Amino acid sequence: MEQHILKVENLTKKFNDFLAVDSLNFSVLKNEIFGFLGPNGAGKTTTINMLTGLARPTSGSIFFNGKDYTAHIKKAQEIIGIVPDESNLYEELDGFENLCFCASLYGIEKTEREHRARNLLRQFNLTEAGKRLYKSYSKGMKRKLTIAAGIIHQPSVLFLDEPTTGIDVASARQIRLLIKSLNETGTTIFMTTHYIEEAERLCHRIAFIVKGQIIKIGAIHDLMEDAQKEAIIQFSFDGIVQLSQFEYDFLQQFSQCKLTHIQESVFQVRSAIAHDLMSLMSFFDSRGIKVMEAKIIKPSLEEVFVKITGIEREVMKKEKEGKKK
Amino acid sequence: MKTAIAFWNIMLKDFRNYYLKPPNISWGIIFPFAWMLMFFLKSQTPVDVRAILPGIMAMSILFGTTSLLSVTITFERRSRSFDRLLLSPISLTWLMLAKTLGAILFGIVNAFVPVLIALFFVNLPHINWVIVFMSVIFIAITSTFLGLFIAVSVSEVFEAQTFSNFFRFPMVFLCGLFIPLGQLPVYVRLLSYFIPLTYGADLLKTAINQDGHITVPISFSILIIFSIVLFLFSKRNIQHKWIY
């Protein structure tokens, strides 16, 4: 039986008349990476703040390992780790001291916290940087050390708020690999992100949150299957091919299909029902059109997101860029 | 045990990061030294040094604790590192005590700088050192909690400084250190009795110069009440403003 490490029931947060989070219901399974995907102001950070103890829910319940911690979330803080959207370690301490200090907040003895700090610095490739002041770190290094600080007490569930926002591509890639490896070693991860590709690459299940409400929740392949209402096959032809060369005959033979010209000699065939690829290939062959490549196009998570939420990719992209600045 | 480890390390970090930094150590020495020197040059008599000692001690504590605590907490709030403390399993009460203990100790040390300086110039016989020490502790506690109250009420470091002065300067002139309480107009005197420094300064005057106006048990009782009220008020503010 699947075990819920976190369960949320009717979680709501109001700021005066503004409803920031509206009756959220979801659960996070043990050892999964659960993603919260949505634009700015959707309620992602407010939700994390409520789950970790930085905000009080207006109503609703929060359960960790089946136990209701809504009224005393402080007691759950031993088993949770938090990596906020902005790195918040101490500028005046070096990397090693920062990790040791964070461990001490969880009551870990000196010898043990130093041992864990050294191991984490090694694991995160920060051994040398560990001797330097935190304020001298690059954004990517700061992010990595903040993640290390979030897991030094070996939490059962780690909350990551926008883990790769505002850092360079190489560091973001390293952090994604770290998140994967943390999950593989048994840490349950709850992460929020703007990045659709990141959610797609990392998360086992995703919740789309817009204006404080969960619009859709599920495993990635389920979300994609739900969204795939039409079969799409993309053909790339040899040489320049005009649509007029075959459009009429094609639509006569495959009346349920739609043809779309994507770019020079690349066309997409869309239909509500799945067509046999061989019959399509034979059609082109019979007209002397040489097919270089034929591939079935599956919808990306981005398309699913746009379809479900109605929010265009450009909106998310602009917000991402705005957040970087 | 876990709370004790967290408590100790929060306090230790604050000491290393803030209170033992050269600018703060030098400030802790220069501030009382400058005041002592100023009064000494003006009076040039041993009796006056002893007379001004309670005032210099009280001001050293008040300015030292309120400045440092309000600024450091506001700074940690701005950099969001204070959130890290709020997200750890240590209770808010213990967390606040750990954050304030460093400032209290800093204030106590500051208070004795003028005493050490005064010893170079005058003898200090017939002083009740137990009452001096106890009053220094209570002035440090109430001033620190006042700093905490200020830190919780503002969001920017410069606001913390401005807001601190809004409280500190009226306190200095209303607490009876420079103008005896009896010489203040009645309605201003009433205000003086709502200032914790009034009781702390009076205790120091009693212990050093035997010229206090309020009885020792009453002053201590009122300082204890002030300490508890300021602490609980700040705790309530943190719970409502920072854990929103």
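What you are looking at is a predicted structure, and each value in this text was computed from that prediction instead of being measured.

Draft legend 1. Looking closely at the overall build of chain B. Assigned secondary structure in chain B consists of 10 helices and 0 strands. Along its sequence from the N terminus, chain B presents helices and strands in the succession α-α-α-α-α-α-α-α-α-α. For chain B, whose C-alpha radius of gyration is 18 Å, the value lies close to the compact-globule estimate of 18 Å for 244 residues. Oriented by its inertia axes, the alpha-carbon framework of chain B measures out at about 55 × 40 × 35 Å. Put simply, chain B has 244 residues, and 55% of those count as buried. In chain B, once contacts between residues fewer than 6 apart in sequence are set aside, the share between residues at least 24 apart is 77%. For chain B, the exposed area adds up to about 10800 Å²; of that, 73% sits on carbon and sulfur atoms. One way to put it: in chain B the 17 positive side-chain charges average out to a point 7 Å from where the 8 negative ones average out.

Draft legend 2. Region of interest: the sheet that holds strand 6 (residues 80-83) of chain A. All names here are of chain A. If you walk across this open sheet you meet the 6 strands as 6-7-8-3-9-10, and the pairing is mixed. Of all strands in the sheet, those with a lone pairing partner are strand 6 and strand 10 (213-219), marking the two edges. This sheet shows a mean twist of 15° between the axes of neighbouring strands, independent of strand direction. Sheet analysis places strand 6 next to strand 7 (residues 157-161), joined by 4 bridges and oriented parallel. In the strand pairing of strand 7, Val 83 is matched with Leu 160. Contacting strand 3 (33-37), strand 6, strand 7, strand 8 (188-193) and strand 9 (205-210), helix 1 (residues 44-52) runs over the sheet at an angle of about 150° to strand 7. Strands strand 3, strand 9 and strand 10 of the sheet are contacted by helix 10 (residues 301-309), whose axis makes an angle of about 40° with strand 9.

Draft legend 3. Examining a nonpolar patch on the surface more closely. Among the surface-exposed residues, Leu20(B), Ile25(B), Ile29(B), Phe33(B), Leu37(B) and Leu41(B) lie close enough to one another that they form a single nonpolar patch of about 530 Å² accessible area. For Ile29(B), a relative accessible area of 44% gives the class partly exposed.

Draft legend 4. Focus on the interface of chain B and chain A. Every contact between the two is made by 27 residues of chain B and, on the other side, 32 residues of chain A. Carbon and sulfur atoms supply 55% of the area that chain B and chain A bury against each other, a total of about 2800 Å² over both sides. Summed over the three residues of chain B that lose the most area to chain A, namely Arg84(B), Leu87(B) and Tyr244(B), the buried surface amounts to 31% of that side. With its nearest N and O atoms 3.7 Å apart, the salt bridge here joins Glu86(A) to Arg80(B). The interface formed by chain B and chain A contains 17 residue pairs in polar contact (both at pLDDT 80 or more). When residues of the side of chain B that touches chain A are traced back to their parent elements, those giving at least two are helix 1 (2-19), helix 3 (46-78), helix 4 (81-86) and helix 10 (216-241) of chain B. Per-element tally for the side of chain B that touches chain A: the top contributor is helix 1 of chain B, with 7 residues. Residues of the side of chain B that touches chain A, tallied by class, amount to 13 nonpolar, 8 polar and 6 charged.

What counts, and at which threshold
- Numbers given for residues are sequential positions, taken from 1 along each chain in its written order.
- For naming, the first written chain is A and the first written ligand is 1, with later ones following in the order written.
- Only residues with pLDDT of 70 or above have their local features reported here, since the model is predicted, and side-chain atom pairs are shown and tallied only from 80 upward, although totals for entire chains, interfaces and linings are computed over all residues.
- Only heavy atoms go into the side-chain values, all of them from the structure, while hydrogens and water stay out.
- Elements are defined by DSSP. Helices are runs of H or I of four residues or more, strands are runs of E of two residues or more, and each kind is numbered from the N terminus.
- Atoms counted for the radius of gyration: C-alpha only. Globule rule: 2.2 Å times the number of residues to the power 0.38.
- Three exposure classes are used, based on accessible area relative to the maximum for each residue type with a 1.4 Å probe and protein chains only: buried under 20%, partly exposed in between, and exposed over 50%.
- For this analysis, residues touch if any pair of their heavy atoms sits within 4.5 Å.
- To measure how exposed things are, a 1.4 Å probe is used in the Shrake-Rupley method; for residues, cover is taken only from the protein chains shown.
- As used throughout, the charge tally considers Lys and Arg to be positive and Asp and Glu to be negative, leaving His and the chain termini uncounted.
- The location of each charge is read from NZ of Lys, CZ of Arg, CG of Asp or CD of Glu.
- Each pair of strands is called paired provided DSSP finds at least two bridges between the two strands.
- Comment: axis = line fitted to C-alpha atoms, over the contacting stretch for helices; angle = value between 0 and 180 degrees taken between N-to-C directions.
- Here, patches come from residues exposed beyond 30% relative accessible area and free of salt bridges, joined within 9 Å for like charges and within 5 Å for nonpolar side chains (Val, Leu, Ile, Met, Phe, Trp, Tyr).
- We define a salt bridge as a contact between a side-chain nitrogen of Lys or Arg and a carboxyl oxygen of Asp or Glu at a distance within 4 Å.
- By definition, the buried area sums, over both parts, the 1.4 Å-probe accessible area that each loses when the two are put together.
- Counted as a polar contact is a pair of N or O atoms within 3.5 Å, where, for protein atoms, one must be capable of donating a hydrogen and the other of accepting one, and residues adjacent in sequence contribute only when both atoms are in side chains.
- The nonpolar class holds Ala, Val, Leu, Ile, Met, Phe, Trp, Tyr, Cys and Pro. Asp, Glu, Lys and Arg form the charged class, and all remaining residues, Gly among them, are polar.

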